[in-house]
Amino acid sequence: MRWDNLAETPAIGNPALFGTDAVTTRTFDTPEFRGITFHEVRARSILNRVPGASRMPFEWTVNPYRGCTHACVYCFARKTHSYLDLDTGLDFDTRIIVKINAPELLRHQLASRTWQGAHIAMGTNVDCYQRAEGRYRLMPGIITALRDRANPFSILTKGTLILRDLDLLVQSAQVTEVGISVSVGFTDQELWRTVEPGTPSPERRLDVVRTLTDHGIGCGVLMAPVIPFLGDSPDQLRATVRAIAASGATSVTPLVLHLRPGAREWFMAWLGDHHPHLVRRYERLYAEGAYAPKWYQRRITRQVHELATEFGIGPSGPGLHRRVPEPAKPEDPGPTQLTLL
């Protein structure tokens, strides 16, 4: 296992984030973690710069974990496990890298004179609120470090565990820009159980949106992925957008399934087992590479945006990032009698 290649973008000459003497391997004999191996590491860097050629709308990320027990068969991040000489299939789902010093390391890096306070995105590689976070509790320290520096950040998640940190998120939103998005690509129960077996149900995720919104933190929904031929029928799209609108989401942004190397092989093997009649259709649809054809992406986007307008929500925009204002201080009305009602 090439522990020296745990850098976000491994390249010749890059310093290793940690060495073999900084790795502790653990297993836990509890139902929620049975069959999962955790490799605890002490990272040397936690702020990762996104390559300039990336399509991502942000420049910096923080990823406290590698691998993900959500086990989504389509996850584009699967390729990153190959950097460790781990496979992008079962190893990605069951061998989780935990950067146990992430909070203290981030606090140190944010305090650097060279850090300019740029926006930091989380949950863009693997989910920072996957099940492991319930045991390791890295996110409270990470959010606290960002709050204390008033550093803008965003989180994308499928995990309901984010509500554990609701107070910290509200505090952060009072001093800086905070953007929260929840990923819900479909509400079809059968599809969810087969392609996202380790995630909370779509309904529970939409409850997260509702709770965040009720606490003054605008929350958008990344409707991703829209899965061709399995989750893209007009009735399925309508049901999903209707549920998103009912949750109080500030926006809905559709994203069609893309199949990068690492994810493509795992997804196509799953497709062959569960829907063999669709294999040839997928081979034709994705014949040009990782992304579905532009005509297909435009069709899905148009349908979702039309439904969003019908149900009273709009496409994504700058409104996703929101600062919650400090409560206004009332003028002193003089002595008052305290009451329970």
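Residues numbered from 1 in each chain as written. Predicted model: local features only at pLDDT ≥ 70, side-chain atom pairs only at ≥ 80, totals over all residues. Heavy atoms only, no water.

## Remarks on helix H8 (residues 234-246)
For clarity, the cut-off: The numbering of helices and of strands both runs from the N terminus, where a helix is a DSSP run of H or I of at least 4 residues and a strand a run of E of at least 2. Helix span is expected to be 1.5 Å times the residue number reduced by one. Working definition: with a 1.4 Å probe on protein chains only, accessible area under 20% of the residue-type maximum means buried, over 50% means exposed, and in between means partly exposed. Working definition: the arc comes from the directions between the helix axis and the C-beta atoms, pointing outward to the latter.
With 13 residues, H8 ought to run about 18 Å at 1.5 Å a step, and its terminal C-alpha atoms sit 18 Å apart, in line with that. Residues of H8 that are buried include every one of Gln236, Leu237, Thr240, Val241, Ile244 and Ala245, and no others. For H8, the angular spread of buried residues about the axis comes to 160 degrees, placing them on one side. Away from its buried face by more than 90 degrees, H8 exposes Asp235 and Ala246. Positive backbone phi, approximately 90 degrees, marks Gly248, located one or two places after H8.

## A word on the environment of Val252
Assignment of secondary structure puts Val252 in strand E11 (residues 252-256). Take Val252: its relative accessible area is 0%, and that puts it in the buried class. The spacing of Val252 and Ser181 is 71 residues in sequence and 9.4 Å in space, taken between C-alpha atoms.

## A word on the packing of helix H2 (residues 102-110) against helix H4 (residues 139-148)
Applied cut-off: Note on definitions: angles span 0 to 180 degrees between N-to-C directions of axes, and those axes are lines fitted to C-alpha atoms, for helices only across the stretch in contact. Orientation is classified from the angle alone, with under 35 degrees giving roughly parallel, over 145 giving roughly antiparallel, 65 to 115 giving roughly perpendicular, and any other angle giving oblique. Crossings are sorted by hand: turned counterclockwise from the far helix by less than a right angle, the near helix makes the crossing left-handed, and turned clockwise it makes it right-handed. Contacts between residues were defined by any pair of non-hydrogen atoms, one from each residue, lying within 4.5 Å. Gly is placed with the polar residues, together with every amino acid not listed as nonpolar (Ala, Val, Leu, Ile, Met, Phe, Trp, Tyr, Cys and Pro) or charged (Asp, Glu, Lys and Arg).
Across the interface, H2 lies against H4 with an axial gap of 8 Å and an inter-helix angle of 15 degrees. Overall, the two elements H2 and H4 adopt an arrangement that is roughly parallel. Considering only the axes of H2 and H4, their crossing is right-handed. Along its contact with H2, which presents Ala102, Pro103, Leu106, Arg107 and Leu110, the element H4 presents Gly141, Ile142, Thr144, Ala145, Leu146 and Asp148. Looking at the contact of H2 with H4 residue by residue, the class counts come to 7 nonpolar, 2 polar and 2 charged.

## Focus: the pattern of salt bridges
Rules: A pairing counts as a salt bridge when a side-chain nitrogen of Lys or Arg comes within 4 Å of a carboxyl oxygen of Asp or Glu.
For the structure on display, the rule yields 11 salt bridges. Between Arg42 and Glu104 there is a salt bridge; the shortest N-O distance is 3.0 Å. With Arg42 in the loop between strand E2 (37-41) and strand E3 (47-49) and Glu104 in helix H2, the pair connects residues that are 62 residues apart, well separated along the chain. Linking Glu283 and Arg280 is a salt bridge whose minimum nitrogen-to-oxygen distance equals 2.5 Å.

## Notes on the pairing of E2
As a reminder of what qualifies: Two strands qualify as a pair provided DSSP detects at least 2 bridges between them.
Within E2, 4 of the 5 residues are buried, which leaves the element mostly enclosed by the surrounding structure. Bridge count for strand E1 (residues 23-27) against E2 is 5 bridges, and the pairing is antiparallel. By the bridge assignment, Thr24 is partnered in E2 with Glu40. Across 5 bridges, E2 lies against strand E6 (residues 95-99) in parallel orientation. Bridging from a neighbouring strand, His39 pairs with Ile97 of E6.

## So, the sheet that holds E6
Across the sheet, which stays open at both edges, the 4 strands sit in the order E1-E2-E6-E5 with mixed pairing between neighbours. The strands lining the two open edges of the sheet, one partner per strand, are E1 and strand E5 (65-66).

## Considering the nonpolar core
Let me state the cut-off plainly: Only buried Ala, Val, Leu, Ile, Met, Phe, Trp, Tyr and Cys residues count toward a nonpolar core, and they belong to the same one when joined by side-chain atoms within 4.5 Å.
Within the largest apolar cluster, 89 residues are counted, with the highest numbers of intra-cluster contacts made by Met122, Ile155, Ile227, Phe267 and Tyr282. Leaving out residues up to four positions away in the same chain, Phe267 has contacts with Val73, Tyr74, Ile227, Leu257, Leu259 and Tyr282. By size, the runner-up hydrophobic cluster in this structure holds 5 residues, among which are Val23, Val41, Leu84 and Leu86.

## Some thoughts on the packing of aromatic side chains
Cut-off, in case you're wondering: A pair of Phe, Tyr and Trp rings is counted when the ring centres sit within 6.5 Å of each other, with Trp represented by its six-membered ring. The angle between the planes then sorts it: under 30 degrees is stacked, over 60 is edge-to-face, the rest tilted.
Following the criterion strictly, the structure yields 8 aromatic pairs and no others. Between Trp295 and Tyr296, the ring centres sit 5.9 Å apart and the planes meet at 85 degrees, which makes this aromatic pair edge-to-face. By relative accessible area, Trp295 is classed as exposed at 51%. For Tyr296, a relative accessible area of 1% puts it in the buried group.

## Description of the confidence of the model for the protein chain
Selection criterion: How sure the predictor is of each residue is captured by pLDDT, a score from 0 to 100.
Averaged over every residue, the pLDDT of the protein chain is 87; the share at 70 or more is 84%. Long-range and interchain partners of residues 4-17, a stretch whose pLDDT sits below 50, account for 28 contacts in this model, where long-range means more than four residues apart.

## Side note on H4
Most of H4 sits out of view: 7 of its 10 residues are buried. Those residues of H4 lying buried are Met139, Pro140, Ile142, Ile143, Thr144, Ala145 and Leu146. Looking at the packing, one finds that the buried side of H4 touches strand E4 (60-62), H2, strand E7 (120-122), helix H3 (132-136), strand E8 (153-157) and helix H5 (166-173).

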